[in-house]
Amino acid sequence: MMVTQDLFALPAQPLDAARMQALRLDLQAHAHRYYVLDDPSIPDAEYDHLFQQLQALEAQYPELVTPDSPTQRVGGRALDQFVSVRHTVPMLSIRTETDTEASGAQNFDARVRRELGLEETAPAVEYVAEPKFDGLAMSLRYEHGVLVQAATRGDGEMGEDVTQNIRTIGQIPLRLLASAGGQYSVPQVLEVRGEVYMRRDDFDALNEKQREKGQKTFVNTRNAAAGAVRQLDPAIAAQRPLSFFAYGLGEISPVQSGGPAFDTHYEMLQALKNWGFPVSALVGIAQGATELVAYYKSIGEQRDSLGFDIDGVVYKVNSLALQRRMGFVTREPRWAVAHKFPAQEQLTTVLGIEVQVGRTGKLTPVAKLAPVFVGGVTVTNATLHNEDEARRKDVRLGDTVIVRRAGDVIPEVVAVLPDRRPPDAQEFTMPRQCPVCASAAVREEGEADYRCTGGLFCSAQRKQAILHFAQRRAVEVEGLGDKLVDQLVDSNNIRTLPDLYRLGLSSLANLDRMADKSAQNIVEALEKSKQTTLPRFLFGLGIRHVGEATAKALARHFGTMDAIMDASVEQLLQVGDVGPIVAQSIRTFFDQPHNREVVDQLRACGLSWEEGAPAAVTPKLLTGKTFVLTGTLPTLSRDEAKDLIEAAGGKVAGSVSKKTSFVVAGTEAGSKLDKAQELGVAVLDETGLKELLNGSA
Ligand code: IVH
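Summarised in this report is the structure supplied together with it. Predicted model, so just to flag it, every value in this text is computed and none were measured.

What follows covers the overall build of the chain. When you go through the chain residue by residue, the secondary structure sums to 24 helices and 24 strands. Over its C-alpha trace the chain gives a radius of gyration of 34 Å, far above what one expects of a compact globule, namely 26 Å for 697 residues. In terms of principal-axis extent, the alpha carbons of the chain reach across some 95 × 80 × 55 Å. In the chain, of all internal contacts separated by at least 6 residues, the share reaching a separation of at least 24 is 67%.

Right, let's talk about the packing of aromatic side chains for a bit. Going through the model one piece at a time under the given rule, you end up with 17 aromatic pairs. Judged by centre distance (6.1 Å) and plane angle (55 degrees), the rings of Phe133 and Phe308 are tilted. Of this pair, Phe133 sits in strand β3 (residues 126–133) while Phe308 sits in the loop between α9 (288–302) and β10 (310–317), and the two are 175 residues apart along the sequence. Since its relative accessible area comes to 6%, Phe133 is described here as buried. In textbook terms, an aromatic cluster arises when at least three aromatic residues are bridged by ring pairs, as seen for Phe133, Tyr197, Phe245, Tyr247 and Phe308.

In this section: the sheet that holds β10. Through backbone hydrogen bonds, the strands of a sheet pair up, either in parallel or in antiparallel fashion. Across the sheet, five strands lie side by side as β2-β13-β10-β3-β9; this open sheet has mixed pairing. What marks the edges here is a single partner per strand, and that holds for β2 (96–97) and β9 (284–287). Where β3 and β10 come together, seven bridges link them in antiparallel fashion. Bridge pairing links Ala129 to Tyr315 in β10. In the packing of helix α8 (residues 265–274) onto the sheet, the strands contacted are β3, β9 and β10, and the crossing angle to β3 comes to about 50 degrees.

Phi is positive for His144, which is not a glycine, with a value near 50 degrees. Relative to the helices and strands, His144 resides in the loop between β4 (136–143) and β5 (146–152). Judged by its relative accessible area of 59%, His144 is exposed.

With that settled, the discussion passes to the site of the ligand. Taken together, 13 residues form the shell around the ligand, and within it Ile94, Glu130, Glu195, Tyr247 and Lys316 come nearest. Within the backbone of Ile94, an N or O atom sits 3.2 Å from an oxygen atom of the ligand. The protein chains hide 86% of the 520 Å² of surface that the ligand would expose on its own. Secondary structure elements with two or more residues in the shell around the ligand: β3 and β10. Considering only residue class, the shell around the ligand consists of eight nonpolar, one polar and four charged.

The subject of this paragraph is the nonpolar core. When a protein is soluble and globular, its nonpolar side chains tend to lie buried together. Counting 54 residues, the largest nonpolar core has Tyr501, Leu554, Met561 and Phe590 as its most contacted members. Other than its neighbours up to four places away in sequence, Met561 contacts Leu534, Phe537, Leu538, Leu541, Phe590, Val599, Arg603, Trp609 and Glu611.

This part is about the pairing of strand β8 (residues 243–253). Of all 11 residues making up β8, eight are buried, and the element is well covered by its neighbours. The pairing of strand β7 (residues 189–197) with β8 spans eight bridges and is classified as antiparallel. Across the sheet, Glu195 pairs through a bridge with Phe245, a residue of β8.

A word on the state of the cysteines. Where two cysteines share a covalent bond between their sulfur atoms, that bond is called a disulfide. For the coordinates displayed, the defined rule picks out zero disulfides. With no disulfide partner, Cys452 has as its closest neighbouring cysteine sulfur the one in Cys437, 3.6 Å distant.

This brings us to the environment of Lys530. Positionally, Lys530 belongs in the loop between α15 (516–529) and α16 (534–540). Placed 81 residues apart in sequence, Lys530 and Glu611 show a C-alpha to C-alpha distance of 15 Å. Setting aside residues no more than four positions away along its own chain, Lys530 makes contact with Tyr501, Cys605, Gly606, Leu607 and Ser608.

With respect to the helices and strands, the residue Gln231 is situated in the loop between α6 (221–229) and α7 (234–237). Of the residues examined, Gln231 reaches a relative accessible area of 19% and is grouped as buried. Those residues in contact with Gln231 that sit more than four places away from it in its chain are Phe82, Asn165, Ile236, Ala237 and Arg240.

This brings us to the pattern of salt bridges. One pass over the structure, following the stated rule, counts 43 salt bridges. For Arg200, the salt bridge goes to Asp309, with nearest N and O atoms at 2.6 Å. Linking Arg200 in helix α5 (residues 200–212) with Asp309 in the loop between α9 and β10, this pair joins segments that are 109 residues apart in sequence. Across the pair Glu646 and Lys642 runs a salt bridge whose closest N-O atoms are separated by 3.5 Å. Separated by four residues within a single helix, Glu646 and Lys642 lie in helix α22 (residues 638–647), roughly one turn from each other. We classify Lys642 as partly exposed; its relative accessible area is 33%.

When two helices pack together, their arrangement is given by the angle between their axes and by how far apart the axes lie. Between helix α3 (residues 103–115) and α9, the shortest axis-to-axis distance is 9 Å and the interhelical angle comes to 150 degrees. Between α3 and α9, the angle is such that the two are roughly antiparallel. Seen along the crossing, α3 lies across α9 with a hand that is right-handed. Contacts between α3 and α9 involve Ala105, Gln106, Phe108 and Asp109 from the first element and Gly288, Ala289, Leu292 and Val293 from the second. Class assignment of the residues belonging to the contact of α3 with α9 gives a composition of five nonpolar, two polar and one charged.

The subject of this paragraph is the environment of Gly376. For Gly376, the position within the fold is in the loop between β15 (363–374) and β16 (377–383). Relative accessible area serves as the criterion here: at 39%, Gly376 is assigned to the partly exposed category. Between the alpha carbons of Gly376 and Asp134 there is a distance of 18 Å; along the sequence they are 242 residues apart.

Here we take up the packing of helix α12 (residues 459–470) against helix α13 (residues 482–490). At a closest axis distance of 10 Å, the pairing of α12 and α13 adopts a crossing angle of 135 degrees. In terms of axis orientation, α12 runs oblique to α13. As for how α12 packs across α13, the hand of that crossing is right-handed. From α12, Ser459, Arg462, Lys463, Ile466 and Leu467 reach across to α13, where they touch Asp482, Val485, Asp486, Val489 and Asp490. For the contact of α12 with α13, the residue count by class is four nonpolar, one polar and five charged.

Conventions adopted
- Residues numbered from 1 in each chain as written.
- Predicted model: local features only at pLDDT ≥ 70, side-chain atom pairs only at ≥ 80, totals over all residues.
- Heavy atoms only, no water.
- Helix = DSSP H or I, 4+ residues; strand = E, 2+ residues; numbered from the N terminus.
- Rg over C-alpha atoms; globule rule 2.2 N^0.38 Å.
- Contact = heavy atoms within 4.5 Å.
- Phe/Tyr/Trp six-rings, centres within 6.5 Å; stacked < 30°, edge-to-face > 60°.
- Buried < 20%, exposed > 50% of the residue type's maximum accessible area, 1.4 Å probe, protein only.
- Pairing = 2+ DSSP bridges.
- Axes fitted to C-alpha atoms, helices over the stretch in contact; angles between N-to-C directions.
- Near = heavy atom within 4 Å.
- Polar contact = N/O pair within 3.5 Å; in protein donor to acceptor, adjacent residues only side chain to side chain.
- Areas by Shrake-Rupley, 256 points an atom, 1.4 Å probe, with all protein chains shown as cover.
- Nonpolar A, V, L, I, M, F, W, Y, C, P; charged D, E, K, R; others polar.
- Core = buried A, V, L, I, M, F, W, Y, C linked by side-chain atoms within 4.5 Å.
- Disulfide = S-S within 2.5 Å.
- Salt bridge = Lys/Arg side-chain N within 4 Å of Asp/Glu carboxyl O.
- Parallel < 35°, antiparallel > 145°, perpendicular 65-115°, else oblique.
- Left-handed = near helix turned anticlockwise from the far one by under 90°.

Structure below.
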């Protein structure tokens with residue numbers, strides 16, 4: 001047996017070697033399309049199949065495994081420390097322009113022109129403008145087309161060898177693509193410089209996983225990327241999804257004698273693309289200062305909608321001859337500059353932690369901050385969301401914290417600097433009492449929030465309820481802002497919503513700092529607000545889970561306020577968009593006599609709206625169908641399945657009878673399944689239920 005196998009193996013080897021080489025090239029080309037071009041040409045399963053073929057052959061011929069094989073991305077053992085490496089061409093840093101106005105770009109262009117000795121009348125200098133990626137710089141060394149080393153920047157002269165970790169990045173070729181275009185042959189030595197970074201979606205998913213495992217979350221994408229690159233265990237690094245953009249070269253040889261030669265930075269970027277590297281599609285050519293300014297503005301506008309973080313743009317003189325003429329000052333090239341965007345993260349100190357009470361009684365811990373300019377505005381408050389968040393971040397009075405404000409998102413504290421904590425800083429604890437009305441604060445099981453149980457007894461909730469009712473999207477009482485509502489509630493002029501309409505001119509004019517004219521304006525605004533619409537009025541009542549869209553749907557469906565107040569949960573469920581939670585919330589609201597009283601009194605005060613006829617009831621998909629659930633379903637919990645069925649108009653019952661339309665059975669279904677079979681009731685599994693729900697059954 002042994003002999004026969006050897007006999008077969010020997011002559012087969014050259015063929016297998018060729019097959020292995022073909023598979024490697026094939027897989028490399030597919031990986032490039034998948035990771036770099038984002039345009040795969042074969043299904044994942046087909047790729048996996050080819051990959052497994054190569055793995056099988058490599059298992060058979062371990063001596064034929066090459067370092068650039070796609071099977072060799074993850075491997076190698078954990079290190080004790082990284083080895084230092086000297087950069088043959090130093091990794092330079094770049095001058096930073098922190099002036100975030102147009103002048104940042106104009107000053108650079110003026111300096112370039114001066115240093116090149118250009119007359120004012122000379123044509124515009126041509127630049128390449130690129131995003132400034134917020135990650136960490138990396139130098140990738142290829143010898144004869146194969147990746148042999150990846151090194152961090154370090155101090156620019158000496159970096160750390162992080163090859164094992166960098167190999168796990170799918171976007172980084174283990175072997176240069178040689179065939180693409182053929183315009184640039186593969187140099188003996190090629191060092192590619194670029195930025196390793198983490199995409200925002202990958203960052204969010206990673207932090208979610210960290211939270212689930214009860215582990216520390218990362219502050220931002222740059223820290224997460226740096227942490228992954230500096231992992232001593234490549235197996236861990238492989239689980240931290242990283243990406244790469246190429247933007248420059250280090251050593252390249254031979255530069256002359258047949259090697260690739262470029263005249264411009266832009267051409268060099270095209271060559272990098274052809275060798276298989278990701279080059280940002282946002283890279284552009286700009287003529288002179290005007291186009292640099294336009295680029296800065298345009299990228300600035302796109303900043304928050306990109307899939308990754310950038311902290312500015314980089315301008316580079318395009319002509320390599322001009323670059324050489326300009327040279328360097330100390331360790332910075334004169335031909336490039338980084339033009340920063342306003343920072344989205346800043347350090348500040350915590351002056352206090354307040355607990356705010358929302359309209360529905362929700363208690364939100366808020367950090368009061370020393371004013372800091374971040375993300376384009378001055379920030380003095382940052383939400384800590386809820387008890388768990390506050391505890392996880394462990395923000396304390398006196399702490400120095402990093403605040404982040406990106407786009408229009410509300411500012412948040414991303415991390416505390418523990419080294420700067422004052423020695424006696426007290427841990428924050430969520431109060432068990434409402435800070436405003438002292439009613440008990442409770443956290444329901446499965447909920448993240450504490451809520452004040454004071455209801456409208458709580459002046460904070462009352463104030464919020466009034467502001468909600470008076471807002472522009474509800475009945476709109478122009479000029480009734482939070483200062484005035486504070487005064488009116490604190491002075492006991494208003495206890496309930498209808499009190500608002502009982503305010504006389506004199507009680508308003510008697511308030512502190514209230515001019516007669518302003519009081520008159522409020523009275524008129526109140527009068528005007530009385531003529532409203534049913535959806536606005538309904539939304540203004542502030543029923544939990546009833547937003548504007550739901551209020552409109554309810555008004556359209558029922559036509560009148562009385563019909564809505566009297567609707568049963570089942571009738572409410574007939575409204576598109578209304579699921580069991582919303583239906584129950586509406587029912588509970590109108591089951592409280594004091595809430596019905598509020599509606600009646602508001603009507604008595606003169607609030608009115610047009611009412612209509614109820615819309616024709618369009619039965620939902622499962623209207624009239626009764627379901628019984630039994631056993632454990634593969635993905636849906638019992639409650640989830642029930643919610644889905646009810647949202648589609650169906651009913652869920654506890655026991656099987658002849659009236660049961662379907663029994664939905666999972667694993668370990670018991671007597672209910674037997675009963676269904678006995679009575680001839682249709683039985684569904686989870687897939688069957690889902691098909692029924694999406695109408696494909
Ligand atoms: S060019 C000689 N281009 O910003 C010029 N750098 O100090 C070398 N960076 O360390 C850098 N995006 O980590 C360049 N498009 C870009 C960049 C970029 C991000 C980083 C890089 C460098 C730092 C500037």
